[in-house]
Amino acid sequence: MSHKHAVRRAVTSVMLAASIATAAADESSIRLTEDAGLPQVQASCSMCHSLDYILMNSPFQDKAAWEKTVNKMVKVMGAPMTADDVAAVVAYLDTHYGKGAPAAP
Amino acid sequence: MRLICGANGGNMDRRKFILGSTSALTGGLFLPGIVGSATAQDLPAGAVASGILDALPGKRPLIKRSFRPPNYETPVSYFREAFTPNDAFYVRWHSAVPDVALADWRLRISGPGVKSEREFTHDTLRRKFKSAEVAAVNQCSGNRRGLFNPHVAGVQWGFGAMGNAVWSGVRLKDVLEDAGLTASALEVVGNGADAPTLTGPDFVKSLPMWKALDPDTLIAFEMNGEPLPTWNGAPARLVAPGWTATYWIKALADLTVTDKPFEGFWMKTAYRVPKGMFGASGFESQDTEQNSPITAIKVNSLVVDPAPGAVLERGKRIEVLGIAWDGGSGIRGIEVSLDGGKTWRDAKLQRDLGRYSWRQWRYAIKPEQAGAMTLMARAHARDGSTQTDTLVHNPAGYHHNVVQKVDYHVA
């Protein structure tokens, strides 16, 4: 079991390094609406996944639904976000990609 | 071990098309406004806009749902073939794709449910156990989630998070029996070489003993006679025919036979359906009072050709091609209606490729009246089940098997 865990740790660190090094290649084509909240969204969300997850899941989630999604990322997936980060990201998502927001570009 | 990170890699000249250009692939005629995808009107607007055609290395252009982790669905036009080409087969990962060389691959079998632990290389495994193969549909639990109304969060799949292939390898049963099962063996837990990005739960899934010991449940190394593509789980993946693809663990590394229900997040919390909504799960050790794990695929069908929105020539006889499948009882029949469901006629079933494979069907039409025309198709399984007329809405967006209505234009 210890061998397995060592391998897992190595895999995780290689993956982090690789994803940080190359994260921009094709994801760079993704355009989200610019505003003061966008940098926090980019920092928090793209740590683990491309931002097309946001586009794809819009515009049908109300603020409570986005809040549930972001909280899942923190509580289950381990996103290192403060309460302020969560509030900023949820506000951004609700404003630009919430229920009734204009369709994504 | 090398990791393929999503669709990255800096290859900037990979072919990219907007979804609308699928008409070039399907060779059909389309009406303006509904170009490209049967699902375009039904998916969330943001999913339509971001669902570009994009080719991962070694794959043909598929419909990109997310770059990282890579989630790509197969355009319906590829379902004209009885077996889905490996390079057109959909891609679905929860985290970065592990790239494990066959020479480095090891399979470990352990846990309180086995009498002795085992470790195999590809060579020792293939030499020791008889080869086996099965033709089976591999369908993501969330296939068609994007069509849910109201929409639910998740990967917004259209019709293409599925494919049909011949899977070959060795029987899971033979490998487990070689290790020897104890009387307390309850579930077989499969883990792949993929790992969560941060501290989230590793993607690990279990099977009940009866399913693990089914002679059609395999550890597969090949699909359609070729080694599994890395995108589809090389060097080896579990094949649990009839069950949704969440159980078909890719880049399989460990099997643990437990004497207690496995409690990982992806079993206990995710991939669940409300208790009783879709019948018995067949996985009692994972049922709770509130919900059950999603398990067997529900009977379903899909019109493949002509594509929705096609312009049909008035007075010209054509054959509609479709597919139908279920969780393994097999397809008993397909009915087609051209009058909004008032009357139904049998379509012609094509060759039976096995009860877990989809079944192709054909239905001849000769449209006589110019204007709009709607075709409906409804599959019946041998277990007596049939497709639903209205959506059985559930929080995670599973088991969408509503009778399809396909609009054509006759001119």
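Residues numbered from 1 in each chain as written. Chains lettered and ligands numbered in written order. Predicted model: local features only at pLDDT ≥ 70, side-chain atom pairs only at ≥ 80, totals over all residues.

Regarding the packing of helix H2 (residues 38-45) of chain A against helix H5 (residues 83-97) of chain A
Residues and elements named next belong to chain A. Two numbers describe how H2 lies on H5: the axes approach to 9 Å, and their chain directions differ by 115 degrees. Taken together, H2 and H5 sit at an angle that is classed as roughly perpendicular. The handedness of the crossing between H2 and H5 comes out as left-handed. Of the residues in H5, those touching H2 at Leu 38, Gln 40, Val 41 and Ser 44 are Asp 85, Ala 88, Val 89 and Tyr 92. (Axes fitted to C-alpha atoms, helices over the stretch in contact; angles between N-to-C directions. Helix = DSSP H or I, 4+ residues; strand = E, 2+ residues; numbered from the N terminus. Parallel < 35°, antiparallel > 145°, perpendicular 65-115°, else oblique. Left-handed = near helix turned anticlockwise from the far one by under 90°. Contact = placed C-beta atoms within 7 Å.)

Observations regarding the confidence of the model for chain B
Predicted coordinates in areas of low pLDDT are best not read in detail. All names here are of chain B. Looking at chain B, pLDDT values average 91 and 90% of them are 70 or higher. Ranking the helices and strands of chain B by mean pLDDT puts strand E16 (residues 237-239) first, with 99, and strand E2 (residues 16-17) last, with 32. Contacts of residues 5-39 to residues separated by more than four positions or lying in other chains number 83 contacts, the stretch itself having pLDDT below 50. For this predicted complex, the interface confidence comes out at an ipTM of 0.90, alongside a pTM of 0.89. (pLDDT = per-residue confidence, 0-100.)

Some remarks on the sheet that holds strand E21 (residues 311-312) of chain B
Residues and elements named next belong to chain B. Reading across from one edge, E21-E28-E27-E23-E24 is the order of the five strands in this open sheet, with mixed pairing throughout. Single-partner strands in this sheet number two, and they are E21 and strand E24 (345-346). Taken together, the six bridges between strand E23 (residues 331-337) and strand E27 (residues 371-381) define a ladder with antiparallel strand orientation. In the strand pairing of E27, Glu 335 is matched with Arg 378. (Pairing = 2+ DSSP bridges.)

Considering the nonpolar core
Counting 95 residues, the largest nonpolar core has Leu 218, Ile 219, Ala 220, Leu 238 and Val 239 of chain B as the members making the most contacts within it. The residues contacting Val 239 of chain B, other than those within four sequence positions of it, are Val 134, Ala 136, Trp 167, Thr 217, Leu 218, Ala 220 and Trp 248 of chain B. Ranked by size, the runner-up nonpolar core spans 27 residues in total, among them Ala 88 and Leu 93 of chain A together with Leu 147 and Phe 148 of chain B. (Core = buried A, V, L, I, M, F, W, Y, C linked by C-beta atoms within 7 Å. Buried ≥ 20, exposed ≤ 12 C-beta atoms within 10 Å, placed from the backbone.)

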